[in-house]
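# A look at the structure
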Amino acid sequence: MDEKKLKETVSSLLKDMEMIAVGMRQLIIAMPPHELLGYIYAQHMIKAMAGQNATAEPINPDGQDEFINDIQFTLEYVHAVLASDVAPVEVTFEEAKCAELFELGRKLRQKAMLFAMASSADTKNGVFGPDTAEIEFRAKSTWIMLRGNRYQVLEGEFYRYVLAPHDDVLKEVYGVGAADIAEGFQSLADSARSGHADAIMEMQNHFEEAQAFAAKQGKSLESAMKAWIAANTEQLQAAELAMDDMFRGGIANVSRHTMLPSMLLADLAYQRGEETEFFAAGDFAGTPYRTLPARKKPLIQLGSDWTSPVLVDVY
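Quick look at the structure, then. Please read these numbers as outputs of a predicted model, since none were measured by experiment.

### Things to note about the overall build of the chain
Helix and strand counts for the chain stand at 12 helices and three strands. Going through the 315 residues of the chain one by one, you find that 43% of them count as buried. For the chain, long-range pairs separated by at least 24 residues make up 77% of all intrachain contacts whose partners lie at least 6 apart in sequence. Of the accessible surface of the chain, which amounts to about 17100 Å², a share of 57% is contributed by carbon and sulfur atoms. Computed over 29 positive and 46 negative side-chain charges, the separation of the two mean positions in the chain equals 5 Å.

Spelled out as structure tokens, the structure:
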């Protein structure tokens, strides 16, 4: 490919990325965040369960990894939009829009990788001599592909080690030390890893309790539910929280699933509309070649709670 054609290709890919990012932003801002997060997490859980089902058709490991990358990339953009846009007055959830969002996310990643190749190909000389083009490509592609893949059972151990030298300062500022903060991060990681399964078990236990109550009363489950609810307000509240975990992204609710202090969570979180750089006018606006907001602050404040949209486990 001649130099002029290559420059045209690079320019076209950049415009494509920016247009796709606009489309993703429009879709995300138009949907209620809790329902959107719940849907995305549910897709992750369904895929994981299918992979563990011995009777199901085996999942290609590469396909499973690619699906996880799709999930994580989409969540990063959900986080970016929530951080960049104030909440609109009216939003509606549509599953078709979620499918479109996933498709746009895949297209954006593909375009970004093509841009990495095309924009690096003409780098003939540089700091690394004849290897500069390949090193530039690898740097760009790694930046795009770098996601949160990690084994979260080691989250607490990692943060205890990293934060230990700052223990005194953390206690002074936040009232908790490295060990407590590490435990909080591990609790959140555990919620992302097993939260859906825990919520399903919680709902099953309540259902069985209601069945036993109805049998003892000699009534059908339907006719006994009102009396069971009246007699079991705490269980009903627990069931509602389990439903929130299952369908409204509750597994990522840092306020509920950890004991981390509010001051620390506030410092780690964006308010809605606080981020001004990611979608600002200019080259690469809204593309993964800018620093995604989740890499600055991992949390979002939604109402009175703090949420970690981008926390996804590797099964």
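Structure shown, so let's carry the discussion forward.
### Some points on the packing of helix H4 (residues 95-121) against helix H5 (residues 132-145)
In the contact formed by H4 and H5, the axes pass within 8 Å of each other and the chain directions differ by 165 degrees. With respect to H5, the axis of H4 lies roughly antiparallel. You can see that H4 and H5 cross each other, and the crossing is right-handed. Across the interface between the two elements, Ala112, Met113, Ala116, Met117, Ser119 and Ser120 of H4 pack against Ala133, Glu136, Phe137, Lys140, Ser141, Ile144 and Met145 of H5. Per-class residue counts for the contact of H4 with H5 are eight nonpolar, three polar and two charged.

### Structural notes on unusual backbone geometry
Positive phi values are uncommon outside glycine, yet Phe284 reaches one of about 70 degrees. Here Phe284 is to be found in the loop between strand E1 (269-270) and strand E2 (299-302). Overall, Phe284 belongs to the partly exposed group, its relative accessible area being 25%.

### Concerning the sheet that holds E2
On the basis of which strands lie adjacent, the open sheet formed by three strands has the order E1-E2-E3 and mixed pairing. Each having just a single partner strand, E1 and strand E3 (305-307) make up the two edges of the open sheet.

### Some details on the side chain of Glu275
Here Glu275 lies in the loop between E1 and E2. Relative accessible area serves as the criterion here: at 7%, Glu275 is assigned to the buried category. A distance of 2.8 Å separates a polar atom in the side chain of Glu275 from the backbone nitrogen of Phe278. Ignoring any residue separated from it by four or fewer positions in sequence, one finds Glu275 in contact with Ala83, Ser84, Tyr270, Pro293 and Lys296.

### What about the nonpolar core?
For soluble globular proteins, nonpolar side chains are generally found buried alongside one another. Ranked by internal contacts, the top residues of the largest apolar core, which has 44 residues, are Leu36 and Tyr77. For this core, the secondary structure elements donating two or more residues are helix H1 (3-29), helix H2 (33-52), helix H3 (61-84), H4 and E2. Ranked by residues supplied to this core, first place goes to H3 with 10 residues. Leaving out residues up to four positions away in the same chain, Leu36 has contacts with Ile28, Met31, Val78, Phe93, Cys98 and Leu101. Counting 15 residues, the second-largest nonpolar core is a separate cluster that includes Tyr174, Val176, Val254 and Ala269.

### Here we look at a nonpolar patch on the surface
A cluster of nonpolar side chains, Val127, Phe128 and Ile135, forms an exposed patch at the surface whose accessible area comes to about 320 Å². As for its position among the elements, Phe128 is in the loop between H4 and H5. Overall, the relative accessible area of 47% leaves Phe128 in the partly exposed class.

### Some thoughts on the packing of aromatic side chains
All told, the structure shown has nine aromatic pairs when counted by the stated rule. For the pair Phe284 and Tyr289, a centre-to-centre distance of 5.8 Å together with 55 degrees between the ring planes defines the contact as tilted. Relative accessible area serves as the criterion here: at 18%, Tyr289 is assigned to the buried category. Aromatic ring contacts, followed pair by pair, group Phe73, Tyr77, Phe278 and Phe279 into a single cluster. A cation sits over an aromatic face here: Arg295 above Trp143, 4.7 Å from the ring centre.

### Quick notes on the pairing of E2
Burial of the side chains of E2 extends over both faces: Leu299 and Gln301 are buried on one face and Ile300 and Leu302 on the other. Sheet topology places E1 next to E2; two bridges connect them, and they run parallel. Looking at E2, one finds that Tyr270 is bridged to Ile300. Across three bridges, E2 lies against E3 in antiparallel orientation. Bridging from a neighbouring strand, Leu302 pairs with Asp305 of E3.

Criteria and thresholds
- Residues numbered from 1 in each chain as written.
- Predicted model: local features only at pLDDT ≥ 70, side-chain atom pairs only at ≥ 80, totals over all residues.
- Heavy atoms only, no water.
- Helix = DSSP H or I, 4+ residues; strand = E, 2+ residues; numbered from the N terminus.
- Buried < 20%, exposed > 50% of the residue type's maximum accessible area, 1.4 Å probe, protein only.
- Contact = heavy atoms within 4.5 Å.
- Areas by Shrake-Rupley, 256 points an atom, 1.4 Å probe, with all protein chains shown as cover.
- Lys, Arg positive; Asp, Glu negative; His and termini not counted.
- Charge placed at Lys NZ, Arg CZ, Asp CG, Glu CD.
- Axes fitted to C-alpha atoms, helices over the stretch in contact; angles between N-to-C directions.
- Parallel < 35°, antiparallel > 145°, perpendicular 65-115°, else oblique.
- Left-handed = near helix turned anticlockwise from the far one by under 90°.
- Nonpolar A, V, L, I, M, F, W, Y, C, P; charged D, E, K, R; others polar.
- Pairing = 2+ DSSP bridges.
- Polar contact = N/O pair within 3.5 Å; in protein donor to acceptor, adjacent residues only side chain to side chain.
- Core = buried A, V, L, I, M, F, W, Y, C linked by side-chain atoms within 4.5 Å.
- Patch = residues over 30% accessible without salt bridge, like charges linked within 9 Å, V, L, I, M, F, W, Y side chains within 5 Å.
- Salt bridge = Lys/Arg side-chain N within 4 Å of Asp/Glu carboxyl O.
- Phe/Tyr/Trp six-rings, centres within 6.5 Å; stacked < 30°, edge-to-face > 60°.
- Lys NZ or Arg CZ within 6 Å of the ring centre and 35° of its normal.

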